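Here's the letter readout for the chains.
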Amino acid sequence: MKDRTPRRGVTPLLIVLAVYLSLALWYDSSTPILEASDERLHYAAVQSVAQGNGLPVLGADGAASNLGPRQEAGQAPLYYLLAGALTAPIHTEPIARTAEINPHSFIGQPSWLPYNKNLLLHDASERFPYHGLALAVHLGRWLSILFGGITVAMAFLLARQLFPASPGLWLLGAALAAFNPMVLFISASVDNDAAAMAVCTATTYWLVVGWRRGCSSSWLLVLGVLLGLGAMTKLSALGLVPVAGLVLSREAVCRRSIVWLMKSGLLVAVLAAMLGGWWYVRNAVLYGELTGLNAFLDVAGRRPPTPAVEYVHELPGLWTAFWGVFGGFDILAPGWIYRCFAVLTVAAGVGILVEAAARRDWLRSAGWSLLLPLIWIAVECVALVRWTTLTMASSGRLLYPAIGSVAALAALGLLAWVPRRWSVGAAWSLTALLAGIAAAVPPLAIRPAYAFPAALPASAVPARLPAAGATFGDSLTLLGATWPGGPYQPGSTITVTLYWQARRVMPVNYSESIQLVGVGEEKVAQLDMLVGSGMLGTKQWQPGDIHRDTLSIKLPPSTVTAQRLLVRLSVYQWNHPGSLGVHSAAGEANELIAGAIAVQSPNAAAPAYPNSLDADFGGVAALRGYALSTSTPHRGDTLTVTLYWQGERHSPINYTVFVHVADEQDVKAGQHDGQPQDGQAPTSTWRQGDIVVDKIEIPIRADAPPGRYRVQLGMYDLATMQRLPLVGGGDALTMAVVTVG
């Protein structure tokens, strides 16, 4: 029972810590300030302390809730007190006054889309060398990095205590804690989870020491301090209290003294209460309960009753978040990274079973002390399930107080696959792999999401783009819009590229809206983003600056096929009515029709047009076929003509289509003049290959003389009344002859 753990093998820990520190600073510099998950809320709590306003109170931030501490005001205070003291000498304005929110951010919506990831807008004032708000936030992050280093060291010591004769397990346990990308991300942000990881991992290590070496008086004093610090760090740390009770109870059994258990338990409890008890008394005074949990949920939001199957569906997301969902829980790493961790997860899980079945000396050396990390992990899992039923919190990072225990067991499972003599080499190989994966995340996922778009030279804008030259108020000129040619199917993603040029210095940050609109003004899809790729607000543009915005719009799976959708573009100021006026070749409007896309069934065969023909009007459009409702309309009836057009090339002119029912003397029994689909598919939106089906209703005059009439068709520019010529001669096509009776 009183075994001693060998004091060797510190060099691998120092190497892991050095690499950890480098990576943590890499993650820190890759993420703009206040963009990490809930970092703005945690920093608001830190700032309250730093500015002498004391700890925040739940529900007191009112209108500033988007940039106030919100639910984090109910978190245990240790981290905020330390970070507040560290940043107190730095003058900063309250972030609710100075920060500008991106109203279109995808916060809480993980995806690989390369825009709308940022919660806030940023500028050059945040760059190194840091000062003001940027310096305060980075100091808070560096405090978190320090706590992360303590976590790594404690994970190493925990593995060494559990497996005293297996240095490969010590190394890999530390590496699994250090090089989890999400642990690095949290450790490089202003977040109390960093402190919770450190304190809880240290406490777990200390409990294993007590189990294996015995509970001396000095051990009891340290345990009381650690439990008190845990109670001051995060409520979930209280889950270590029953684990500590188990260790004390075992020691009492070994000593055969219930009196010792009572005295020791009282000593530990008094020490812990002296450190953290005041916080719970404060909660009771402010919120009427020791934990303040109900007040916390009132601010964070309660989860409505949810079927059990929904929790099962959330498990993949929980696993993904354990390894890494970055930014404001909206940035995913490349898929291959998750696949690597999936392989490691399965290998570790199966390896633990293999190790248990083989009962090798690694497992025997840990003995019953392995129960402690297992119980702690189980307590955290139960707490996570319970918390998930109370609020939307299916995130694997909530298990991080047990990260040291998870890392030690995972190391055991991974090295179970190799002979013991190879375990150190295998541990170094896996450590290098983990560090390499962690190093790949910032350049592949985080930095691109927050990259500032560079101004483009005029030569970078393709020539003769659709919608070129349209102006939006006196602020912006659209140099063109483009997207891949269709047709598209339901569920497809349309990537629209816009080229903007600033006409003047702009006092506001404008937003752009792309809408896909179908027949009857039905809005099929929409995407809004701040002009400037969501990152570089237009307030930072200079006159003449050219920037490219790329937006990916997904068609809903339920999109009706065999239709054309107009691509509408508008520019507006968030939270202000109306949009900038648009001046284009089509005239004045509040939005621009930049073009159209065709949507068809994925199983659609090549179209077969009735009365197939090939009538080309000026190289702009070709009539591929037509259909008549009848060839013998009666006076007073309506003749329905269906036209099947195909776009030949883009034209900025919206041509009018005429269909005349006229006799040899050009006496008309009926006629129709109008833009295709009653103006819903103007020819300026047609692209090469687009199919446009236009159904026209032509009333036949009640006083029309009976006889034979030609059905003639053509296109003209309403502004000049000039008709498009038919390739081959003429400017009107006689499609058919009908007999009016």
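Residues numbered from 1 in each chain as written. Predicted model: local features only at pLDDT ≥ 70, side-chain atom pairs only at ≥ 80, totals over all residues. Heavy atoms only, no water.

Caption draft 1: Representation of the sheet that holds strand β14 (residues 621–628). Reading across the sheet, the 4 strands line up as β13-β14-β15-β18 and stay open at both edges, with antiparallel pairing between neighbours. Edge positions in the sheet fall to β13 (615–617) and β18 (691–699), since each has one partner strand and no second. Taking the axes of each pair of neighbouring strands and ignoring which way they run, one obtains an average angle of 35° across the sheet. (Pairing = 2+ DSSP bridges. Helix = DSSP H or I, 4+ residues; strand = E, 2+ residues; numbered from the N terminus. Axes fitted to C-alpha atoms, helices over the stretch in contact; angles between N-to-C directions.)

Caption draft 2: Representation of the pairing of strand β16 (residues 656–662). For β16, the tally of buried residues reaches 7 of 7 residues, placing the bulk of the element in the interior. Neither face of β16 is exposed, since Thr 656, Phe 658, His 660 and Ala 662 on one face and Val 657, Val 659 and Val 661 on the opposite face are all buried. Relative to strand β19 (residues 707–717), β16 runs antiparallel, the two sharing 7 bridges. Its bridge partner lying in β19, Ala 662 is registered against Arg 710. Relative to strand β17 (residues 668–674), β16 runs antiparallel, the two being bridged by 6 bridges. Paired with Val 661 across the two strands is Gly 670, which belongs to β17. Hairpin connection between β16 and β17: a loop of 5 residues separates the two successive antiparallel strands, and Asp 666 in this loop has a positive phi of roughly 65°. (Buried < 20%, exposed > 50% of the residue type's maximum accessible area, 1.4 Å probe, protein only.)

Caption draft 3: Fine view of a nonpolar patch on the surface. A cluster of nonpolar residues, Ile 15, Val 19, Val 424 and Trp 428, forms a patch on the protein surface that exposes about 290 Å² of accessible area. Within the residue set of the nonpolar patch, elements represented by two or more residues are α1 (10–30) and α19 (423–449). In this structure, Trp 428 sits in helix α19. (Patch = residues over 30% accessible without salt bridge, like charges linked within 9 Å, V, L, I, M, F, W, Y side chains within 5 Å. Areas by Shrake-Rupley, 256 points an atom, 1.4 Å probe, with all protein chains shown as cover. Salt bridge = Lys/Arg side-chain N within 4 Å of Asp/Glu carboxyl O.)

Caption draft 4: Focus on helix α9 (residues 217–231). The terminal C-alpha atoms of α9, which comprises 15 residues, lie 21 Å apart, in line with the 21 Å expected from a rise of 1.5 Å per residue. Taken together, the buried positions of α9 are occupied by Trp 219, Leu 220, Leu 223, Gly 224, Leu 226, Leu 227, Gly 228, Gly 230 and Ala 231. Looking at the buried side of α9, the elements it contacts are α8 (192–213), α10 (240–255) and α11 (258–287). (Expected span 1.5 Å × (residues − 1). Contact = heavy atoms within 4.5 Å.)

Caption draft 5: Representation of helix α14 (residues 315–323) within the structure. Of all the positions in α14, only Leu 318, Thr 320, Ala 321, Phe 322 and Trp 323 are classed as buried. Those residues of α14 that are buried are in contact with α7 (181–187), β1 (325–326), β2 (331–332), α15 (335–358), α17 (371–390) and α18 (403–415). Count one or two residues on from α14 and you reach Gly 324, which has phi positive near 155°.

Caption draft 6: How the structure looks around the packing of aromatic side chains. Applying the stated criterion across every chain yields a total of 18 aromatic pairs. With a centroid separation of 6.1 Å and an interplanar angle of 35°, the aromatic rings of Phe 658 and Tyr 716 are classed as tilted. Residue Phe 658 is located in strand β16, and its partner Tyr 716 is located in strand β19; the two are separated by 58 residues in the primary sequence. Ring-pair connections join several aromatic residues into one group, and the members of that group are Phe 322, Trp 323, Phe 341 and Tyr 400. Of note, Arg 127 hangs over the ring of Phe 452, and the distance from its end group to the ring centre comes to 5.6 Å. Over the ring of Trp 211 we find Arg 250, and its NZ or CZ is 4.3 Å from the ring centre. (Phe/Tyr/Trp six-rings, centres within 6.5 Å; stacked < 30°, edge-to-face > 60°. Lys NZ or Arg CZ within 6 Å of the ring centre and 35° of its normal.)

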